[in-house]
Amino acid sequence: MTYKNQYDVIIVGGSYSGLSAAMALGRLLKSVLIIDSGLPCNRQTPHSHNFLTQDGQTPLAIANKAKEQVLAYQTVSFYQGLAVSGKKTLNGFEITTDLNDVFGGKKLIFATGIKDIMPDIKEIEACWGISVIHCPFCHGYEFKDKKTAILANSDKAVHMASLVGNLTKDIMVLTNAPANFTIEQREKLAKNHIIIIETPITAVKHEKGYLESIVFKDNSKLNVQAMYAAVAFEQHCPIPKDLGCELTETGYIKVDAFQKTSIDGVYACGDNTSMFRSVSAAVASGSMAGAMVVKELTEELF
C-alpha cells in the first residue's frame with residue numbers, strides 16, 4: 001500500500017511523553033508524526049507540581065509550550081485526531097484515524113496514557129484531579145494540614161496513609177466496603193490515629209471541583225477538603241494490545257528498560273507503562289523511547 005504520508009516514526013499520543021519522544025527524534029532529523037486526540041487525563045488539574053522549572057504551572061501551558069518547541073523541528077508533524085486502529089505491514093506499521101486517514105511508519109511509539117475508571121459515587125468525576133487526587137507528590141503539598149480522606153482498602157490504603165501522614169495528621173480511611181486489613185495494618189492505622197469508615201459512599205459535595213463533604217449511604221456526612229482515591233484504570237488506547245503488545249498483571253504495557261514493548265518496532269512511554277504518574281516521569285520515559293527508536297533506525301541503515 002502507498003500511503004499519503006510515510007514517516008520514520010508515528011507517535012500516538014501528544015502529551016508530555018509523546019512530545020518528549022518527538023523532540024529526541026526530531027533533533028536527529030527523523031520524520032515523525034504525532035497523532036493526538038486532545039484529551040489528556042489531567043485536563044481538569046489546575047496546576048502541575050514536582051517538575052523542575054514548571055512547578056505550579058498549568059498542565060495545558062506546559063503542554064502548549066512543549067508542543068511549540070517540538071514542532072520547531074522541521075521533520076516533526078502534528079495531526080489532531082483519534083487513532084482507532086493499527087496493523088503490521090511489510091514496511092512497518094499503519095495507523096488509521098477516526099477520519100479514515102491512514103499513515104505509515106517504520107516504528108511506533110504509544111504515549112497514550114490510561115483512562116481512570118471512577119467509582120460509582122455521584123459527582124466524584126467533577127473533582128478528579130482537583131481535590132480528589134491520586135498522588136501526594138503531585139498534589140499533596142497544596143492540601144497539607146487539611147482534613148483528608150483516603151478512598152482505598154487493604155495494602156493501597158495503608159501505603160497511601162503512610163505517605164499522606166507526612167502532610168497532615170487529620171486522616172481517615174474510607175473503604176467504601178467491608179474493610180480488608182490485617183491485624184498488623186489495623187494496629188499501624190490506629191497507632192497513627194487514623195480511623196476506618198466502612199460505610200458505602202453515595203456522593204460528594206463540592207464547589208467547582210473543590211470538596212466540601214462526603215455523603216454516605218446512611219445519609220451521614222463527613223466534611224473533608226481533599227480525598228486521595230486509588231481508582232481502577234484501563235489502557236486509554238486499545239491498539240497496543242490489538243497489535244499483540246504484552247500487558248503486565250496490573251494492566252500496564254510491558255516494556256523493557258529502554259521502553260521497548262514485546263513487539264519488535266513498537267515502543268511505549270508515559271502513564272500507559274508505569275504506575276508512577278507524573279510529568280517528570282513521563283518526560284523521562286518519552287526521551288528514552290525517542291532515543292532508543294533513533295538507535296534502532298540508525299542500526300538498520302548504518
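Rules behind the numbers
- Residues numbered from 1 in each chain as written.
- Predicted model: local features only at pLDDT ≥ 70, side-chain atom pairs only at ≥ 80, totals over all residues.
- Heavy atoms only, no water.
- Helix = DSSP H or I, 4+ residues; strand = E, 2+ residues; numbered from the N terminus.
- Rg over C-alpha atoms; globule rule 2.2 N^0.38 Å.
- Buried < 20%, exposed > 50% of the residue type's maximum accessible area, 1.4 Å probe, protein only.
- Contact = heavy atoms within 4.5 Å.
- Areas by Shrake-Rupley, 256 points an atom, 1.4 Å probe, with all protein chains shown as cover.
- Lys, Arg positive; Asp, Glu negative; His and termini not counted.
- Charge placed at Lys NZ, Arg CZ, Asp CG, Glu CD.
- Core = buried A, V, L, I, M, F, W, Y, C linked by side-chain atoms within 4.5 Å.
- Salt bridge = Lys/Arg side-chain N within 4 Å of Asp/Glu carboxyl O.
- Pairing = 2+ DSSP bridges.
- Axes fitted to C-alpha atoms, helices over the stretch in contact; angles between N-to-C directions.
- Phe/Tyr/Trp six-rings, centres within 6.5 Å; stacked < 30°, edge-to-face > 60°.
- Lys NZ or Arg CZ within 6 Å of the ring centre and 35° of its normal.

- The protein goes by FAD/NAD(P)-binding domain-containing protein in an unreviewed UniProt entry, where it is assigned to Myroides odoratimimus CCUG 10230.

## Regarding the overall build of the protein
Thought 1: Helix and strand content of the protein: 8 helices and 17 strands.
Thought 2: Over its C-alpha trace the protein gives a radius of gyration of 21 Å, about what one expects of a compact globule, namely 19 Å for 302 residues.
Thought 3: In the protein, which comprises 302 residues, the proportion classed as buried is 48%.
Thought 4: Intrachain contacts of the protein at a sequence separation of at least 6 include 58% that bridge at least 24 residues.
Thought 5: With an accessible surface of roughly 15600 Å², the protein has 53% of that area assigned to carbon and sulfur atoms.
Thought 6: Averaging the locations of the 29 positively and 31 negatively charged side chains of the protein gives two centres separated by 2 Å.

## Examining the nonpolar core
Thought 1: One finds I124, V132, L151, L174, V204, I214 and M227 to be the most contacted residues of the largest nonpolar core, which totals 21 residues.
Thought 2: Listed by contribution, the elements that provide at least two residues to this core are α3 (124-127), β9 (148-151), β10 (171-174), β12 (201-207), β13 (210-216) and β15 (226-229).
Thought 3: A total of 3 residues in this core trace back to one element, the largest contributor, which is β13.
Thought 4: The contacts of I214, once residues within four sequence positions are left out, are A149, L174, I201, A203, V204, S220, K221, L222, V224 and M227.

## Things to note about the pattern of salt bridges
Thought 1: This structure, assessed with the given rule, holds 10 salt bridges.
Thought 2: Across the pair K107 and E300 runs a salt bridge whose closest N-O atoms are separated by 2.5 Å. Of this pair, K107 sits in strand β6 (residues 102-110) while E300 sits in helix α8 (residues 279-301), placing them 193 residues apart in sequence.
Thought 3: With a relative accessible area of 7%, K107 lands in the buried category.
Thought 4: Given a relative accessible area of 49%, E300 falls into the partly exposed group.

## Focus on the sheet that holds strand β14 (residues 221-223)
Thought 1: The sheet built from 3 strands is open, its strands ordered β12-β13-β14 with antiparallel pairing. Here the strands that pair on one side only, and so sit at the sheet edges, are β12 and β14. When strand polarity is set aside, the average angle formed by the axes of neighbouring strands in this sheet is 25 degrees.

## Describing unusual backbone geometry
Thought 1: Although it is not a glycine, L29 sits at a positive phi angle of roughly 65 degrees.
Thought 2: Relative to the helices and strands, L29 is located in the loop between α1 (16-26) and β2 (32-36).
Thought 3: Of note, the phi angle at D145 is positive, near 65 degrees, even though the residue is not glycine.
Thought 4: Its location among the elements puts D145 in the loop between α4 (136-139) and β9.

## Thoughts on the environment of N91
Thought 1: Relative to the assigned elements, N91 resides in the loop between β4 (83-89) and β5 (92-97).
Thought 2: The exposed category is assigned to N91, whose relative accessible area is 61%.
Thought 3: For the pair N91 and K107, spaced 16 residues apart in sequence, the C-alpha separation works out to 9.3 Å.
Thought 4: When neighbours within four sequence positions are excluded, N91 is seen to be in contact with G105 and K106.

## Re the packing of aromatic side chains
Thought 1: Here the structure, examined in full by the defined rule, presents 3 aromatic pairs.
Thought 2: Relative to F103, the ring of Y79 has its centre 5.1 Å away and its plane inclined at 70 degrees; by these criteria the two rings are edge-to-face. You can see Y79 sitting in strand β3 (residues 76-80) and its partner F103 sitting in strand β6, a full 24 residues away along the chain.
Thought 3: When its relative accessible area of 12% is taken as the criterion, Y79 is described as buried.
Thought 4: The side chain of K67 reaches across the aromatic face of F78, ending 3.7 Å from its centre.
Thought 5: The ring centre of F93 lies 5.0 Å from the NZ or CZ of K88, which sits over that ring.

## Some thoughts on the sheet that holds strand β8 (residues 132-133)
Thought 1: What the 5 strands build is an open sheet, ordered β8-β15-β9-β10-β11; its pairing is parallel. The strands lining the two open edges of the sheet, one partner per strand, are β8 and β11 (195-197).
Thought 2: Here 2 bridges tie β8 to β15, and the two strands are oriented parallel to one another. Residue pairing in the sheet places V132 in a bridge with M227 of β15.
Thought 3: Lying over the sheet, helix α5 (residues 154-164) contacts β9, β10 and β15, oriented at roughly 155 degrees with respect to β9.

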